[in-house]
Amino acid sequence: MTKFSLSIALILIISTLTSVAQERDWVPADTEFYEPVPPVVEARGGFMEPPSDAIVLFDGTDFSAWESSRGGDVRWSLEDGAMTVTPRTGSIVTKDSFGSIQLYLEWRSPEVVLGDGQGRGNSGVFLQGRYEVQVLDSYNNETYVNGMAGSVYKQYVPLANPAVPPGEWQTYNIIFEAPEFDEDGELLEPAYITVIWNGVLVQNRVEVQGPTEYIGLPSYEAHGDGVISLQDHGNLVSFRNIWVRKLDESPVWDNNYPTE
Ligand code: MG
C-alpha cells in the first residue's frame, strides 16, 4: 500500500466511525448523570413581592395571563391564591412572548408523596417554551442529578440542593438571557440561565446547549421571542406569585472613568 492509499483508507475508516457515532440510537439514560451530587443546603429564602416595573403573570386570582398549551382556557385548578396542575389537561403557556427576562415564581410539590425519582412532584418552567428549569420534589429523592430541581434539564446540575420538604413553598428567581440568531438562522449568541433557588445560587449563568431534549443531544434552531410554559407532568404541583421583568431594554452603562 502506498502512503497515499493508506491515508485514503484511514480517512475512510475515520469518516465511517464518525457517521456511526452520529447515527447512534440515543436512549434517555445516555444523557442522565448521577454525579456529582449537589450538597444539601438548608434554606427557606428568596421570597419576593413584585417590584414596581414587574409584569404580574399570576397574583392568585385568575388565569388571565395564561392559556392551555393545547389552545383555549387553562384547565388547572385555582384555590387559596395558588394554581395547581390538573394532570393530563396539558401544560400552560403565557399569552405574551418574552425575550430576556428575570422571572420569579413560587412552587410547591404535593405534601402527600407519591412515586419517586422523576415521578415525584415533577413540573418545569420552560423559558421561550424550549429551555427547561426543572421543578421536582428533590427533598430526599434520588434521581439523575441533571434532572433534579434547579437543574437546566439534562444540561446542568445545580450547584447545591436547598430543597425544602414537600408541601412547603419554594422560590425560583431565574435570569434568562435569550439566544440570538442572524438572518440566516445561525446562532450568534447562545442562551444563558442563572437560577437562585430558595435564595441559593444554583445555576451561575450557564451556557444553554440548545432546547431541552429528553432523548439525545440538544441543538439550536432559530426562533424569536417565546412564551413561558409551566409543565403538566402528571403531578399535583402548585404555583403562585409569578412575575417577570423584561431585560431587553435595560440600560447599558458605559463607564468612562477619567484616565488621568
Ligand atoms: Mg419537568
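Residue numbers restart at each chain and count upward from 1, following the sequence in its written direction. Totals for whole chains, interfaces and linings use all residues, but because this is a predicted model, local features are given only for residues with pLDDT of at least 70 and pairs of side-chain atoms are given and counted only at 80 or more. Neither water nor hydrogens contribute to the side-chain values; these are computed over all heavy atoms in the structure.

1. What to know about the pattern of salt bridges
Stage number 1. Any Lys or Arg side-chain nitrogen located within 4 Å of an Asp or Glu carboxyl oxygen qualifies as a salt bridge. Going through the model one piece at a time under the given rule, you end up with 7 salt bridges.
Stage number 2. When the shortest N-O distance is used, the salt bridge between Arg24 and Asp30 registers 3.1 Å.
Stage number 3. Assessed through its relative accessible area of 42%, Arg24 is described here as partly exposed.
Stage number 4. We note a salt bridge from Lys154 to Glu32, for which the minimum N-O separation is 2.9 Å. Taken together, the residues Lys154 in the loop between strand S8 (131-135) and strand S9 (170-177) and Glu32 in the loop between helix H1 (3-22) and strand S1 (55-58) connect sequence positions 122 residues apart. A single burial state applies to Lys154 and to Glu32, both of which are buried. For the exposure calls, accessible area comes from a 1.4 Å probe over protein chains only, and a residue counts as buried if that area is under 20% of its type's maximum, exposed if over 50%, partly exposed in between. Counting from the N terminus, the helices are the DSSP runs of H or I reaching at least four residues and the strands are the DSSP runs of E reaching at least two.

2. Regarding the pairing of strand S6 (residues 101-108)
Stage number 1. For S6, the buried fraction is high: 7 of the 8 residues fall into the buried class.
Stage number 2. At least two DSSP bridges between two strands are needed for those strands to be called paired. As paired elements, S6 and strand S15 (residues 238-246) share 7 bridges and run antiparallel to each other. Within the sheet, the bridge partner assigned to Trp107 lies in S15 and is Phe239.

3. Brief notes about a negative patch on the surface
Stage number 1. A cluster of acidic side chains, namely Glu180, Glu189, Glu207, Asp225, Asp248 and Glu249, defines a negative patch on the protein surface.
Stage number 2. Assignment of secondary structure puts Glu189 in strand S11 (residues 187-189). Residues form patches when they are more than 30% accessible in relative terms and have no salt bridge. Like charges link within 9 Å. Nonpolar side chains (Val, Leu, Ile, Met, Phe, Trp, Tyr) link within 5 Å. Using the Shrake-Rupley algorithm and a 1.4 Å probe, accessible areas are obtained, with residue cover drawn only from the displayed protein chains. A residue counts as positive if it is Lys or Arg and as negative if it is Asp or Glu; His and the chain ends are not included. To locate a charge, take NZ of a lysine, CZ of an arginine, CG of an aspartate or CD of a glutamate.

4. Things to note about the packing of aromatic side chains
Two descriptors summarise a pair of aromatic rings, namely the distance from one centre to the other and the angle between the planes of the rings.
Stage number 1. Pairing of aromatic side chains requires ring centres within 6.5 Å, counting the rings of Phe and Tyr and the six-membered ring of Trp. Pairs whose planes differ by under 30 degrees are stacked, by over 60 edge-to-face, and all others tilted. A complete count under the given rule lists 11 aromatic pairs for this structure.
Stage number 2. Put simply, the rings of Tyr131, Phe176, Phe181 and Tyr220 touch in pairs and so form one group of aromatic residues.
Stage number 3. Either the NZ atom of lysine or the CZ atom of arginine qualifies as a charge over a ring when it sits within 6 Å of the ring centre and within 35 degrees of the ring normal. Of note, Arg24 hangs over the ring of Trp26, and the distance from its end group to the ring centre comes to 4.7 Å.
Stage number 4. Note that Arg205 overlies the ring of Tyr192, its terminal NZ or CZ placed 4.0 Å from the centroid.

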